[in-house]
Structure formats: structure tokens, C-alpha cells
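What the coordinates show
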Amino acid sequence: PELADSVHSFFASPEGRGLINRLRKAGVNMKQPRRKSAAGGAFDGLTVVVTGELESMTRTEAQDLIKSLGGKPTGSVSKKTNVVIVGDSPGSKYTKAKELGIETIDEAEFLRRAGKK
């Protein structure tokens, strides 16, 4: 949090804004390219929630993998959720998925569908 506050403060300061302006004038591209998702990927068109702790990757890495396979990762379970990936100590998202009758898969099945195992 301290580092994030420091970075934010710098770029919000006149010196930080000046640096950004000089970089733009020098031709530095400030836009991040959009990632292309794989059409026909394992999660193509599906809304996917990750709950609990995964052993092989962070939640951000799992969400990036879901996106790369055409899925839409979200942070909460709803009627629109198609799949919930369940790691260790899943909590209320798992319970809600079960109540709504949403497909739940473990990490091994997620990796299998993603072509990682």
C-alpha cells in the first residue's frame, strides 16, 4: 500500500504529469494493447468465477488464462455465472454456486480444460 500510494502521488504531482507530457511528446505509446481471446477457447462465451486458493497460480493468473480462452472472469456468483472454479477454502461463492445449480470444477479440471495438464 505504501508503494502504491507513493507511485500514485508521484504521477498526480506536477512533476509526474510533466514527465508524462514529455514522454507523450517524445512519441511514447501510452496505450496497452488489447489481448485477443482465443475464439473457440475452452471458456469461450462463459462467465467464470474463481473462489478459494489455487495451488498452481494466483487468482490474477487464473483470470488472465480464462480471458485468453475466451471467458469472462468475474468476482461474484450470479445467475449469469456459468462455471465456478473451486480452490482450497472456497467460502460463500461456492455455497451460492451450489444453491444456484452452477457447474463447479476443481483446479485440476480447470487446468485440463485450459490445456495445461
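This section reports on the structure supplied with the text. (Residues numbered from 1 in each chain as written. Predicted model: local features only at pLDDT ≥ 70, side-chain atom pairs only at ≥ 80, totals over all residues. Heavy atoms only, no water.)

**Re the pattern of salt bridges**
Put simply, the test is: Only one rule defines a salt bridge in this text: a Lys or Arg side-chain nitrogen within 4 Å of an Asp or Glu carboxyl oxygen. Every helix listed is a DSSP run of H or I at least four residues long, and every strand listed is a run of E at least two residues long, numbered separately from the N terminus. Throughout, exposure labels follow a simple rule: accessible area from a 1.4 Å probe, protein chains only, divided by the maximum for the residue type, with under 20% read as buried, over 50% as exposed, and the rest as partly exposed.
In the structure shown here, the tally under the stated rule is three salt bridges. Measuring nitrogen to oxygen at the nearest pair gives 2.6 Å for the salt bridge that ties R113 to E103. Of this pair, R113 sits in helix α5 (residues 107-113) while E103 sits in strand β4 (residues 103-106), placing them 10 residues apart in sequence. Among the residues examined, R113 registers a relative accessible area of 27% and is labelled partly exposed. Residue R112 pairs with E109 through a salt bridge whose shortest N-O separation is 2.7 Å. Residue R112 and its partner E109 are both found in helix α5; the two are separated by three residues, about one turn of the helix. The structure contains a network of salt bridges with shared partners spanning E103, E109, R112 and R113.

**A closer look at the pairing of β4**
Operational definition: Two strands pair if DSSP finds at least two bridges between them. Place the viewer so that the strands point away; then a crossover is right-handed whenever the path from the first strand over the helix to the second strand goes clockwise.
Bridge count between strand β3 (residues 83-86) and β4: four bridges; the pairing is parallel. When the bridges of β4 are listed, V84 appears paired with T104. You can see the chain leave β3, run along helix α4 (residues 92-100) and come back into β4, and the turn it takes is right-handed.

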